[in-house]
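Below, each chain spelled out in residue letters.
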Amino acid sequence: MRPFRSPRPLRPRGPRRLTALLLFAAAALFPVATPAAAAAPAPVPGTLQPYTIDAVHSAGISSGGYMATQLHVAYSGTFSGSAVFASGPYNCAQNTLSTALNACMNTTQDLQLAKLEQTTRDWSTQGLVDPVANLAGDPVYVFSGSGDTTVKRPVADALADYYGRFGARVQYNRSTAAGHAWISPLGPNSCTVTQSPWINNCGIDAERDLLGHLLGSVTAPSSSPGGTLIQFDQNTYVPGGAAAPLSLDDKGFVYVPTSCAGGASCSLMVALHGCKQGYGYQGFGTRFIDNAYLNEYADTNDMIVLYPQAVATATLENPNGCWNWWGYLGDSSYARHGGKQIEAIMGMVRALRGATPPPVTGQVTLPSVDAQDGYVKAAADGSGPAVGTLEDTYGLALGRGTDAKVNRTLLSFDTSKIPAGKEITRAYLTVNRSSGSGDPWASPAGNRLLADVTTGCFGACAVEPSDWSAAASVAGGAQIASFSSGSASSTDLSAPALAALDRAGTTQVRLRFESAPASTAYLFVNQATPVTLTVEYR
């Protein structure tokens, strides 16, 4: 069940509201003074306890900005608004790293804003994100510096435009020459640079501005944080119970002001660091937490600040410890309900709000059974089928080969290994490309690589010619988008395809292109790395 969103009037602040108005008036006349750096509180071990929380917001920088937007859009019934520095529109990368680099950081590729809007609306209709109607009227703060060459200005412009299409109230600061950074009066860097620790002082109080926009009013910050910075175990909130496989640190942090610990009604800010700013990244530690200038405002504005932590992978999937905003580690749901990092953060939010957590989700990854895998080739009309013979040399073939035959791949999975008594909530395939020629997704244009699912086997479990055209329990139960190298994950298996998984034995999957390519265009998969079926359950 998706969370119900109740009306969210501005939180009454009593005399603090008058103070805030006076501060804003003064800010118009006098420049912002840089506050003296104060000793940051040392983290103490603890757990996430429930507090009285009346509103939830997200904020982030760069990859953390993308994640802040993903949280807001995917769970707009929970999040009341968002603030981002140096990032772009929701789902910008569309599960493709090259798009992330060329359209969502650089501008050498069109980021297709109209398509992003329509996808959001479609996902809302399908229940994959909360209703987009929730976004209307939500406060959103966007910041982009003209000196930012990492996420270029038009990308941030597109974020402001994206939110405007859903009726959000956007405040956009594009008035400085800032580099790629979180902007804070405590920033050790000058405004225009882009370098570690990526926290810049531009002579403005961006936290006052963003919090004033999100909360409706803001009281002057404390001179030094007087609350408690709690270090907690993130594994507790991760689907499957293991943070590291999701590129999450085992350590997370939450700053709790004395007033909130004492029972005051408080807001919750989920603050997300950028790449190379996580606690565990090459000794970076708490520099983002200490210098973001949120804890000081938290003390005087009844606000808890949650600092989740991403961590670098030992592989090239995520070596810089970024948040998942392009679909790394095979998580094709990274931007919507079911996204592993999103669900981990939502688990933390629920714990702080005292909500009953959802059942713990488990996961099993099943490799295909090599002895039963293979491929079948036939004419485009299915005539003259024969079992392919090049699996050991090149891998499993898909598409149209040089012999003009159309290839389809058969995969077997021992789905009896899914724990008995568990409800399957999600499943997807991950394939590894060995080699290929041409682009079968473009022949014809818009061609789709589909996964047919059958309970048991199409015929005998060993591959046979009749498997090319044998009826499936569910045709097109998932699809795999175009990819030219490395690995790719399918969309989530449809509900009928999930129901077709044989809990007592074998499930076979047939990969096929929806249309026969008009000319030679093929790929080989699974030569050295087995195709896997990942099943999540509760």
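The rules behind each value
- Residues numbered from 1 in each chain as written.
- Predicted model: local features only at pLDDT ≥ 70, side-chain atom pairs only at ≥ 80, totals over all residues.
- Heavy atoms only, no water.
- pLDDT = per-residue confidence, 0-100.
- Contact = heavy atoms within 4.5 Å.
- 1 Å grid on protein atoms, 1.4 Å probe; cavity = no way out; pocket = protein on both sides within 12 Å on 5 of 7 lines; lining within 4 Å.
- Points joined across faces, edges and corners; volume = space filled by probe spheres on them.
- Nonpolar A, V, L, I, M, F, W, Y, C, P; charged D, E, K, R; others polar.
- Helix = DSSP H or I, 4+ residues; strand = E, 2+ residues; numbered from the N terminus.
- Expected span 1.5 Å × (residues − 1).
- Buried < 20%, exposed > 50% of the residue type's maximum accessible area, 1.4 Å probe, protein only.
- Pairing = 2+ DSSP bridges.
- Axes fitted to C-alpha atoms, helices over the stretch in contact; angles between N-to-C directions.
- Parallel < 35°, antiparallel > 145°, perpendicular 65-115°, else oblique.
- Salt bridge = Lys/Arg side-chain N within 4 Å of Asp/Glu carboxyl O.

1. Considering the confidence of the model for the protein
Reading fine detail from the predicted coordinates is not recommended where pLDDT is low. In the predicted model, the protein carries a mean pLDDT of 90, and 92% of its residues have values of at least 70. pLDDT under 50 marks residues 1-33. Its contacts with residues more than four places away, or in other chains, come to 53 contacts.

2. Side note on empty space enclosed by the protein
For the structure shown, the criterion picks out two cavities of 30 Å³ or more. In this model, the largest cavity occupies a volume close to 50 Å³. What lines the largest cavity is Leu 246, Asn 324, Tyr 328, Leu 329, Asp 331, Lys 340 and Gln 341. In this structure, the second largest cavity encloses a volume near 30 Å³. Every residue lining the second largest cavity is listed: Ala 40, Pro 225, Ile 289, Asp 290, Asn 295 and Glu 296. Split by residue class, the lining of the second largest cavity holds three nonpolar, one polar and two charged.

3. Some remarks on helix H2 (residues 63-74)
For H2, spanning 12 residues, the distance from its first C-alpha to its last is 16 Å, which sits close to the expected 16 Å at 1.5 Å a residue. Of all the 12 residues making up H2, 12 are buried; the element is thus mostly covered by neighbouring parts of the structure. Of the positions making up H2, those classed as buried are Ser 63, Gly 64, Gly 65, Tyr 66, Met 67, Ala 68, Thr 69, Gln 70, Leu 71, His 72, Val 73 and Ala 74.

4. Considering the pairing of strand E19 (residues 449-455)
Across the seven residues that make up E19, a large majority, six, are buried. Direction of pairing for E19 relative to strand E20 (residues 474-480): antiparallel, over a ladder of four bridges. Opposite Ala 451, over in E20, you have Ala 478 as the bridge partner. By the bridge criterion, seven bridges tie E19 to strand E22 (residues 506-513) in an arrangement that is antiparallel. Along E22, the bridge assignment pairs Thr 454 with Gln 508.

5. Side note on the environment of Gln 118
Structurally, Gln 118 is set in helix H4 (residues 113-126). The class for Gln 118 is partly exposed, based on a relative accessible area of 43%. In the structure, Gln 118 is positioned 201 residues away from Pro 319 in sequence and 32 Å away in space, judged by C-alpha atoms.

6. What to know about the packing of H2 against helix H10 (residues 340-353)
It is the contact of H2 with H10, at a shortest axis distance of 11 Å, that shows an interaxial angle of 75°. Here H2 lies roughly perpendicular to H10, going by the angle between them. Along the contact surface, H2 presents Met 67, Gln 70, Leu 71 and Ala 74, while H10 presents Gln 341, Ile 342 and Ile 345. Here the residues of the contact of H2 with H10 are counted per class, giving five nonpolar, two polar and no charged.

7. Looking at the sheet that holds strand E10 (residues 251-256)
Pairing within the open sheet is mixed, and its nine strands lie in the order E1-E9-E10-E12-E11-E2-E3-E4-E5. Because the sheet does not close on itself, it has two edges, and the strands there are strand E1 (44-45) and strand E5 (169-173). Bridge count for strand E2 (residues 53-61) against strand E3 (residues 79-85) is five bridges, and the pairing is parallel. Residue pairing in the sheet places Ser 58 in a bridge with Ser 82 of E3. Against the sheet, helix H5 (residues 153-165) contacts E3, strand E4 (139-143) and E5, and its axis sits at roughly 165° relative to E5.

8. Side note on the sheet that holds strand E8 (residues 199-201)
Picture the strands of a sheet paired through backbone hydrogen bonds; they go either parallel or antiparallel. What the three strands build is an open sheet, ordered E6-E8-E7; its pairing is parallel. Every other strand in the sheet has two partners, leaving strand E6 (182-183) and strand E7 (189-190) as the edge strands with one partner each.

9. Topic: the pattern of salt bridges
Enumeration according to the criterion identifies 16 salt bridges in this entry. The salt bridge partner of Arg 165 is Asp 161, with a shortest N-O separation of 3.2 Å. Of the two residues, Arg 165 and Asp 161 both sit in helix H5, four residues apart, roughly one turn of that helix. The exposure class assigned to Arg 165 is partly exposed, which follows from its relative accessible area of 33%. Judged by relative accessible area, which is 36%, Asp 161 ranks as partly exposed. The salt bridge partner of Asp 492 is Arg 336, with a shortest N-O separation of 3.9 Å. Pair noted here: Asp 492 is in the loop between strand E21 (487-489) and helix H11 (495-500) and Arg 336 is in the loop between strand E12 (303-307) and H10, with a separation of 156 residues, a long-range link. Looking at Arg 336, the relative accessible area reads 9%, which means it is buried. Via salt bridges that share partners, Asp 331, Arg 336, Lys 340, Arg 426, Asp 492 and Glu 536 belong to a single interconnected network.

10. Focus on the pairing of strand E14 (residues 374-378)
E14 sits mainly inside the fold: four of its five residues count as buried. With five bridges joining them, E14 and strand E17 (residues 406-414) adopt antiparallel strand pairing. Looking at the pairing, Tyr 375 lines up with Thr 409 of E17.

11. Regarding the side chain of Ser 184
Mapped onto the fold, Ser 184 is located in the loop between E6 and E7. Filtering out sequence-adjacent residues up to four positions away, Ser 184 remains in contact with Ile 199, Asn 200, Asn 201, Glu 207, Asn 291, Ala 292 and Tyr 293.

12. Topic: the environment of Lys 405
Relative to the assigned elements, Lys 405 resides in the loop between strand E16 (396-400) and E17. Expressed as a C-alpha distance, the spacing of Lys 405 and Val 376, which sit 29 residues apart in the sequence, is 9.4 Å.

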